[in-house]
Amino acid sequence: MELYMSLAIGVLFTVGVYLVLSKSLLRIILGTSLLTHGVHLLLLTMSRLKTGAAPLLGQKAESYVDPLPQALILTSIVISFGVTSFFFVLAYKAYQKLGTDDMEQLRGEENE
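The sections below set out a description of the structure shown in this document. Bear in mind the structure is a predicted one, so any value in this text is a computation, not a measurement.

1. So, the packing of aromatic side chains
Link 1 in the chain: Tallied over the full model, the rule gives one aromatic pair.
Link 2 in the chain: Centre to centre, the rings of Phe 86 and Phe 87 are 6.4 Å apart; their planes meet at 40 degrees, and the pair counts as tilted.

Structure representation (structure tokens):
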């Protein structure tokens, strides 16, 4: 199972880096979103996919699952959602003001 997860993480990182290196602002935003999804899968895979009971005091379970990786991933999902929505609003405002989403044109002249 870890092999398939590693392949999925590699594909997400590859596509994400390819999109981040493009010239379109929307592709860059989608690339950062794919990179964060790859990081979420990487954290989940590194914590080893285990089965077991929730770590509650009243249960007499033989094996417990560590809740820390799930909590970190949930926090990261919320933060990446906020950052992605901020990037979309920033790109929309830049498109409204300048009329383009091409990074070469957004950079402007070197002599300014």
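2. Notes on helix H2 (residues 25-46)
Link 1 in the chain: With 22 residues, H2 should reach 32 Å at 1.5 Å per residue; the first-to-last C-alpha distance of 32 Å fits that figure.
Link 2 in the chain: Of the residues making up H2, those classed as buried are Leu 25, Ile 28, Ile 29, Gly 31, Ser 33, Gly 38, His 40 and Thr 45.
Link 3 in the chain: Looking at the buried side of H2, the elements it contacts are helix H1 (2-20), helix H3 (68-98) and helix H4 (103-107).
Link 4 in the chain: Looking at the residues trailing H2, positive phi occurs at Arg 48, about 65 degrees.

3. Some words on a nonpolar patch on the surface
Link 1 in the chain: Residues Ile 79, Val 83, Phe 86, Phe 87 and Leu 90 make up a contiguous nonpolar surface patch of roughly 460 Å² in combined accessible area.
Link 2 in the chain: You can see Ile 79 is positioned in helix H3.

4. So, the side chain of Ser 80
Link 1 in the chain: For Ser 80, the position within the fold is in helix H3.
Link 2 in the chain: For Ser 80, a relative accessible area of 13% puts it in the buried group.
Link 3 in the chain: A distance of 3.0 Å separates the side chain of Ser 80 from the backbone oxygen of Ile 77, its partner in a polar contact.
Link 4 in the chain: Sequence-distant contacts of Ser 80, that is, excluding residues within four places in its chain, are made with Thr 36 and His 40.

Definitions and limits used
Residues numbered from 1 in each chain as written. Predicted model: local features only at pLDDT ≥ 70, side-chain atom pairs only at ≥ 80, totals over all residues. Heavy atoms only, no water. Phe/Tyr/Trp six-rings, centres within 6.5 Å; stacked < 30°, edge-to-face > 60°. Helix = DSSP H or I, 4+ residues; strand = E, 2+ residues; numbered from the N terminus. Expected span 1.5 Å × (residues − 1). Buried < 20%, exposed > 50% of the residue type's maximum accessible area, 1.4 Å probe, protein only. Contact = heavy atoms within 4.5 Å. Patch = residues over 30% accessible without salt bridge, like charges linked within 9 Å, V, L, I, M, F, W, Y side chains within 5 Å. Areas by Shrake-Rupley, 256 points an atom, 1.4 Å probe, with all protein chains shown as cover. Salt bridge = Lys/Arg side-chain N within 4 Å of Asp/Glu carboxyl O. Polar contact = N/O pair within 3.5 Å; in protein donor to acceptor, adjacent residues only side chain to side chain.

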